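Residues per chain, in single letters:
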Amino acid sequence: MDSEPNYYEAGRRVLAGYGVTDFTWEHHTRFIGIGTRETLERLSQEYGLDASIEDLVHRGAAGRQEPRLHPVSQEARNLEAVGITPPGGVRGGDSEGHA
């Protein structure tokens, strides 16, 4: 299952909360494969957002509706959300290699 559209929608909602209305899917694709924290740091700089990265992470997580994932995948996503790279081949994607 591809959860990337959920990440796009969460990011779009976070940015809209700061008045950014031109964030498109095409813009989002620049961040696929990059961790949540780094993505939010880049977006914060790009748009001059007046918020801490922790606040942006919290707002994004609150607005994201993810599909139910295998517990290991969910734990990997939790680690990625706070900027920690999971060990060895464990990723937040599904068994088909989707991120």
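Provided above is the structure to which this section pertains.
Rules behind the numbers
- Residues numbered from 1 in each chain as written.
- Predicted model: local features only at pLDDT ≥ 70, side-chain atom pairs only at ≥ 80, totals over all residues.
- Heavy atoms only, no water.
- Helix = DSSP H or I, 4+ residues; strand = E, 2+ residues; numbered from the N terminus.
- Contact = heavy atoms within 4.5 Å.
- Salt bridge = Lys/Arg side-chain N within 4 Å of Asp/Glu carboxyl O.

### Here we look at the environment of Val14
Reasoning step 1: Within the secondary structure, Val14 is located in helix H1 (residues 4-16).
Reasoning step 2: Each C-alpha atom, one on Val14 and one on Asp55, is 9.9 Å from the other, the two residues being 41 residues apart in sequence.
Reasoning step 3: In this view, Val14 contacts Leu56, Arg59 and Gly60; residues no more than four positions away in its chain are not counted.

### Considering the pattern of salt bridges
Reasoning step 1: Evaluation of the coordinates by the stated rule reveals six salt bridges.
Reasoning step 2: Of the charged contacts, one joins Arg30 and Glu46 as a salt bridge, the two residues approaching to 2.7 Å between their closest N and O atoms. Placement of the pair is Arg30 in the loop between helix H2 (25-28) and helix H3 (36-47) and Glu46 in helix H3, with a sequence separation of 16 residues.
Reasoning step 3: With a closest N to O distance of 3.3 Å, Arg37 and Glu54 form a salt bridge. With Arg37 in helix H3 and Glu54 in helix H4 (residues 53-63), the pair connects residues that are 17 residues apart, well separated along the chain.
Reasoning step 4: One network of salt bridges, with partners in common, ties together Glu9, Arg12 and Arg13.

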